[in-house]
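Examination of the molecular architecture
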Amino acid sequence: MTVNQKPHLLPEPARRIAAWCVVALLVTGVAGVGIWLCVTLKAAVTPVLLAILGTALLGPLHRRLVKMKVQRSLAAGLTCAAVVAVVGGAGYIVVGALIDSGDQIIASVKQATTDVVERLGAKGTSLDDMSSSLKDLVSKFGGSAASGVLTGIGIVGGVIATAVLALLLIFFFLRDSDRAVGALRSLAPSSTADTVEAVARRAFEAVEGFMRGTTFIALIDALCITVGLLILRVPGAVGLGALVFVGAYIPYLGAFISGTVAILVALADRGFVIALWALGIVLAVQVLEGHILQPLIQSRTVQMHPAVVMLAITAGATVAGILGMLLAVPLTAAAVGVIAEIRLRYAAGPAPGPGSAPPAS
């Protein structure tokens, strides 16, 4: 070591650990500020997040129309019109099925709960007592969430306004998607423009893959369970299948709740043997999803551990209720994609200059 050279205060591994700790603290701080802003500006942030999810799901259709030489604005309008037609038609069918069989489903669940309580020997306990206790718990611990779900006209109007605004934002996001990269690069410093673009692409690809894969898996799950319940002649099979489809967007928890409701309806209306067959159908569909559909369909997207998914759902429910549960997993997938892209870029190190010699073999 010469006189002018100074030894490093920390060895190389320790300096890397310290750098990663600083990055982790910065990311945590930015995430905390982002969550606070989302909660504070919930009315404005919710349509934007829903529009991003819708754009990720509808992007392939819009790109296909553009490749067919359809003008971008017209392609975006046709895509949004197709969504309104499909969602409106499906909603009409599902709501009609739920209206026709909703009372029967509720009565079956009530009867099944009564049978379970009686078989467990809970004497002196009635459904009225259980419902009053549940109301007390809701009023104490979940009053805000329950009011957000069960209030009437005001919430319905807010939901409609949010859906309309999200649809308009989807139109603009689809139409101007070709300008998004240029706008993002113009906002980022020139030295980090490539990294910012790569990270943004990775995050959007993760959300896009999650939305497409989850929608396809939810459709298969709903069709399989609906067909099985129709074969077993369980009442309200179409409505229960719609519940399975919607619940599939909340991984693990949604499938558990919708499957439990289907089994309870089968138990109350068709007996113990048919309930066992319904349980077998639900378990078979879950095995099909977990061992075949998930690895096959979402193999190219971000893979997350079930524990991470459950923590994300819990955090989303704490922050924004049911809406937070729906948005938690795709946003977590985007965050995991961003972290993977940053690790990949920084692990590769800086690119060699034009005058640098190639490494020795």
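Structure's up top.
The rules we used
Residues numbered from 1 in each chain as written. Predicted model: local features only at pLDDT ≥ 70, side-chain atom pairs only at ≥ 80, totals over all residues. Heavy atoms only, no water. Helix = DSSP H or I, 4+ residues; strand = E, 2+ residues; numbered from the N terminus. Polar contact = N/O pair within 3.5 Å; in protein donor to acceptor, adjacent residues only side chain to side chain. Contact = heavy atoms within 4.5 Å. Phe/Tyr/Trp six-rings, centres within 6.5 Å; stacked < 30°, edge-to-face > 60°. Buried < 20%, exposed > 50% of the residue type's maximum accessible area, 1.4 Å probe, protein only. Expected span 1.5 Å × (residues − 1). Axes fitted to C-alpha atoms, helices over the stretch in contact; angles between N-to-C directions. Parallel < 35°, antiparallel > 145°, perpendicular 65-115°, else oblique. Left-handed = near helix turned anticlockwise from the far one by under 90°. Salt bridge = Lys/Arg side-chain N within 4 Å of Asp/Glu carboxyl O.

**Regarding the side chain of Thr 215**
Along the chain, Thr 215 falls in helix α8 (residues 193-231). Within polar-contact distance, the side chain of Thr 215 engages the backbone oxygen of Met 211 at 2.7 Å. Excluding residues within four positions of it along the chain, Thr 215 makes contact with Leu 57, Phe 245 and Tyr 249.

**Notes on the packing of aromatic side chains**
A full pass over the atoms with the stated rule returns one aromatic pair. Taking 5.3 Å as the distance between ring centres and 70° as the angle between the ring planes, the aromatic pair formed by Phe 171 and Phe 172 counts as edge-to-face. On the basis of relative accessible area, Phe 171 is assigned to the partly exposed category, the value being 21%. You can call Phe 172 partly exposed: its relative accessible area is 39%.

**Details of α8**
Counted at 1.5 Å a residue, the expected span for α8 with its 39 residues is 57 Å, and the 57 Å between its end C-alpha atoms agrees. Positive backbone phi, at 60°, marks Arg 233, one or two positions downstream of α8.

**Digging into the packing of helix α10 (residues 253-270) against helix α11 (residues 272-297)**
At a minimum axis separation of 7 Å, α10 and α11 run at an interaxial angle of 160°. Classified by the interaxial angle, the pair formed by α10 and α11 is roughly antiparallel. Regarding α10 and α11, the two cross each other, and that crossing is right-handed. Across from Ala 255, Gly 259, Ile 263, Ala 266, Leu 267 and Arg 270 in α10, the residues of α11 making contact are Phe 272, Ile 274, Ala 275, Ala 278, Leu 279, Val 282 and Gln 286.

**Section: the pattern of salt bridges**
In total, this model carries five salt bridges according to the counting rule given. As a salt-bridge pair, Arg 175 and Asp 176 come within 3.2 Å of each other at their nearest N and O atoms. For Arg 175, a relative accessible area of 26% gives the class partly exposed. A residue is classified by how much of its surface remains accessible, and Asp 176, at 22% relative accessible area, is partly exposed. A salt bridge links Asp 176 to Arg 179; the shortest N-O distance between them is 4.0 Å.

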